[in-house]
Amino acid sequence: MLPSSNGTGEGLGARLSEGACVEQMQVAGKSLAERADELEAAMALALENVIPVKSVIYVSGERDPREGPLVKSRDPKMQGKLKLMGPDPRLAPMPAKPTLVDFFKLRFAGMHMLQSARLARANGLEDKVVLACLLHDIAVAGFIQGDHGYWGAQMIEPYVDEEITWAVRTHQALRFYPDPAVGYEYPAVYVTNFGADYKPDPHIQREYERARKHKWYMTARMITVWDIYAFDENVTVDIDDFSDLIAKHFRTPEEGLGFDDSPVAHMWRTMNMPTRML
Ligand SMILES: [Fe+2]
Ligand SMILES: [Fe+2]
């Protein structure tokens, strides 16, 4: 994303991508395009430090909407070309009837949930907690980071027991509140990430108050307990280690995730084909 500098509301990046002649302009020994690339690279690097995980969907938000859409069809090279209305050829092809395991292997970013589930299992927790750990950040890995507990719970709701959905939704709030009785302290990394004075939003505070009195509190709390230890770059975990657990507790639709006409099918379709035009 680049700042608008021509007063038209159209960003430099957009103008560069649409007008090859601009690339010929020279500023201080470097072409404008070179300087724009440098600036963009520096900004991307700075953002990497702020945004730890980016799913395929997430990177689609890196443009200021006030710049207007990047209308590639105005490019003479794009004239007469059809728009993408199916799988993105840059991504690994998905099977016609994708399963949860396919999404883990071909779409989800990172090892964090797998490591978390592995720890929960190694520490003798029951299946439903292991599955909750395996799914707890599914929105971060495949969709978007903001409000991830809520998005994640929604996308698994038709396929798992209500307790697991509830736990995934609620872990978002519980992460901010210690429970020394089970060895969960406020994460030191949150002080680093959000500052020592950070206060969770009122809706998160309310969610926490409700959760504390809930019969499934400990299921969600266990997600947080096995969450904090699950960021180890040196541990690789195979989703196939959990295929029995998934077969038993995740009701994969016959038509495949995204094609079962459930109220959340569109979310799985979008993760499968994130760049379809419509
Ligand atoms: Fe999380
Ligand atoms: Fe997590």
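Thresholds applied
Residues numbered from 1 in each chain as written. Chains lettered and ligands numbered in written order. Predicted model: local features only at pLDDT ≥ 70, side-chain atom pairs only at ≥ 80, totals over all residues. Helix = DSSP H or I, 4+ residues; strand = E, 2+ residues; numbered from the N terminus. Buried ≥ 20, exposed ≤ 12 C-beta atoms within 10 Å, placed from the backbone. Contact = placed C-beta atoms within 7 Å. pLDDT = per-residue confidence, 0-100. Core = buried A, V, L, I, M, F, W, Y, C linked by C-beta atoms within 7 Å. Axes fitted to C-alpha atoms, helices over the stretch in contact; angles between N-to-C directions. Parallel < 35°, antiparallel > 145°, perpendicular 65-115°, else oblique. Left-handed = near helix turned anticlockwise from the far one by under 90°. Nonpolar A, V, L, I, M, F, W, Y, C, P; charged D, E, K, R; others polar.

Caption draft 1: View of the overall build of the protein. Looking only at helices and strands, one finds 13 helices and 2 strands in the protein. Evaluated residue by residue, the protein yields a buried proportion of 29% over its 278 residues. Long-range pairs, those at least 24 residues apart, make up 69% of the contacts in the protein with a sequence separation of at least 6.

Caption draft 2: Structural detail: the confidence of the model for the protein. Scored by pLDDT, the protein has a mean of 84; 81% of the residues are at 70 or more. Ignoring residues within four places in sequence, the model shows residues 1-27, a span with pLDDT below 50, making 50 contacts including any to other chains.

Caption draft 3: Region of interest: the nonpolar core. Ranked by size, the top nonpolar core spans 47 residues in total, and within it Ala132, Cys133, Leu134 and Leu135 carry the most contacts. Secondary-structure elements contributing two or more residues to this core are helix 3 (100-106), helix 4 (112-122), helix 5 (127-135), helix 6 (138-142), helix 7 (148-156), helix 8 (162-174), helix 11 (217-227) and helix 13 (265-272). Looking at this core element by element, the count peaks at 7 residues for helix 5.

Caption draft 4: Region of the structure containing helix 7. Judged by how many residues are buried, helix 7 sits mostly within the fold: 7 of 9 residues are covered. When we look at burial in helix 7, the residues that qualify are His148, Gly149, Trp151, Gly152, Ala153, Met155 and Ile156. Looking at the buried positions of helix 7, the neighbouring elements they touch are helix 5, helix 6, helix 8 and helix 13.

Caption draft 5: How the structure looks around unusual backbone geometry. Within the chain, Asp147 stands out as a residue other than glycine whose phi angle is a positive 60°. As for its placement among the helices and strands, Asp147 is situated in the loop between helix 6 and helix 7. At Asp261, a residue that is not glycine, the phi angle is positive and equals roughly 60°. Relative to the helices and strands, Asp261 is located in the loop between helix 12 (243-249) and helix 13.

Caption draft 6: Just the packing of helix 5 against helix 11, in detail. Their axes nearest at 9 Å, the elements helix 5 and helix 11 cross at an angle of 55°. Considered as vectors, helix 5 and helix 11 are oriented oblique to each other. You can see that helix 5 and helix 11 cross each other, and the crossing is right-handed. On helix 11, the residues that touch Lys128, Val129, Ala132 and Cys133 of helix 5 are Thr219, Met222, Ile223 and Trp226. By residue class, the composition of the contact of helix 5 with helix 11 is 6 nonpolar, 1 polar and 1 charged.

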